[in-house]
Amino acid sequence: YAELANLYMSMLQMRLISVTEAFPKIFHTTRKALAIDPDHDQANLVMAFMSWFEWDWKASEKGFLKVLETNPNHVLANAFYAHYLMLTGRNQLALNCGRKAVELDPMNDLALSLYGVVLLHSSGQIEKAFEVAKESIEINPQSILTLRLLEQASYPKGDLETSVQMLALVYS
């Protein structure tokens, strides 16, 4: 059930199904997974995302922390929690959590990209964010998140050509 919830979340993110179709399916399958195993990492991670989408910051954090309490080395929980921490203004914690995710799996393009976003937006480390994005794009050249990160990190560097190229790739 947790993987089915994750599939619905992915379909929603790719706009293959609507929010009104996805949310009930995601909640239903996630609740079924949690009824079977209340400590299931993936199900708790999905609930953290769903709370985030509903702007319930406390419930979202509770979900991330539940995953990290049972599995402190969960790469994507660390990566997304870093992004959450950045959004809630806890920048140093965000940097630490993002760095940990990348240290746990340096070949995970999503963890790298999310860490790059945290570097760029929580600490203004433009060059470091750009370097992390370049590492990520080598792993997954089609990553929309990484292309957007390259675009956002190129612009303040004055590299408008790269910034425009990345935008063109995102919207092509």
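Each chain has its residues counted from 1, running along the sequence as written. Predicted model: local features are reported for residues with pLDDT of at least 70 only, side-chain atom pairs are reported and counted for 80 or more only, and whole-chain, interface and lining totals are derived from all residues. Hydrogens and water are ignored here; the side-chain numbers use all heavy atoms of the structure.

I'm lost on the nonpolar core in this one. Help?
In a soluble, globular protein the nonpolar side chains are often hidden away together inside. To qualify as a nonpolar core, a set must consist of buried Ala, Val, Leu, Ile, Met, Phe, Trp, Tyr and Cys residues joined through side-chain atoms within 4.5 Å. Residue exposure (1.4 Å probe, protein chains only): buried if accessible area is under 20% of the type maximum, exposed if over 50%, otherwise partly exposed. Judged by nonpolar contacts, the single largest core of 56 residues is most densely connected at I26, F49, M50, F64 and Y81. No other element matches helix α5 (residues 75-87), which puts nine residues into this core. Not counting chain neighbours up to four residues away, the residues in contact with I26 comprise A5, Y8, M9, L12, V46 and M50. A run of H or I in DSSP becomes a helix once it reaches four residues, and a run of E becomes a strand once it reaches two; helices and strands are each numbered from the N terminus. Contact definition: two residues touch when any of their heavy atoms are within 4.5 Å.

Looking at this structure, I do not really get the packing of α5 against helix α6 (residues 91-104). What am I missing?
A packed helix pair is summarised by two numbers, namely the angle formed by the two axes and the spacing between the axes. Whenever a helix is involved, its axis is fitted only over the stretch in contact; in every case the axis is a line through C-alpha atoms, and angles between N-to-C directions fall within 0 to 180 degrees. For the pair α5 and α6, the least separation of the axes is 8 Å and the interaxial angle reads 160°. Judged by the angle between their axes, α5 and α6 are roughly antiparallel. The two elements α5 and α6 cross, and the hand of that crossing is left-handed. For the pair α5 and α6, the contacting residues are V75, N78, A79, Y81, A82, L85 and M86 in the first and N91, L93, A94, C97, G98, K100, A101 and L104 in the second. Residues are grouped as follows: Ala, Val, Leu, Ile, Met, Phe, Trp, Tyr, Cys and Pro are nonpolar; Asp, Glu, Lys and Arg are charged; all remaining types, including Gly, are polar. Of the residues assigned to the contact of α5 with α6, the class counts are 11 nonpolar, three polar and one charged. Each angle gets one of four labels, with under 35 degrees taken as roughly parallel, over 145 as roughly antiparallel, 65 to 115 as roughly perpendicular, and the rest as oblique. For any helix crossing, the convention is left-handed if the near helix is rotated counterclockwise from the far helix by under a right angle, and right-handed if that rotation is clockwise.

What should I look at first to understand the pattern of salt bridges in this one?
A pair can form between side chains of opposite charge whenever their charged atoms are brought close. The working definition used for a salt bridge is a side-chain nitrogen of Lys or Arg within 4 Å of a carboxyl oxygen of Asp or Glu. Taken as a whole and assessed by the stated rule, the structure comprises six salt bridges. The shortest N-O distance in the salt bridge between K66 and D39 comes to 3.1 Å. Separated by 27 residues along the polypeptide, K66 in helix α4 (residues 57-70) and D39 in the loop between α2 (19-36) and α3 (41-53) bring together distant segments of the chain. Residue classification places D39 among the partly exposed positions, given a relative accessible area of 39%. Note that K134 and E131 form a salt bridge whose closest N and O atoms lie 3.5 Å from each other. Of this pair, K134 and E131 both sit in helix α8 (residues 126-139), three residues apart, which is roughly one turn of the helix. Residue K134 is classed as partly exposed on the basis of its relative accessible area, which comes to 34%. Its relative accessible area of 35% is what places E131 among the partly exposed residues.

What's the story with the side chain of N44 in this structure? I'm lost.
Inspection of the secondary structure puts N44 in helix α3. Residue classification places N44 among the buried residues on the basis of a relative accessible area of 8%. N or O atoms closer than or at 3.5 Å make up a polar contact, with two conditions inside protein: a donor-capable atom paired with an acceptor-capable one, and, for residues adjacent in sequence, both atoms drawn from side chains. Side-chain polar atoms of N44 contact the backbone oxygen of P38, separated by 3.0 Å. A polar atom in the side chain of N44 sits 3.0 Å from the backbone oxygen of H40. Leave out the neighbours within four places in its chain, and N44 touches L34, P38, D39, G63, K66 and V67.

Function cannot be inferred from these measures alone, as they are strictly geometric.
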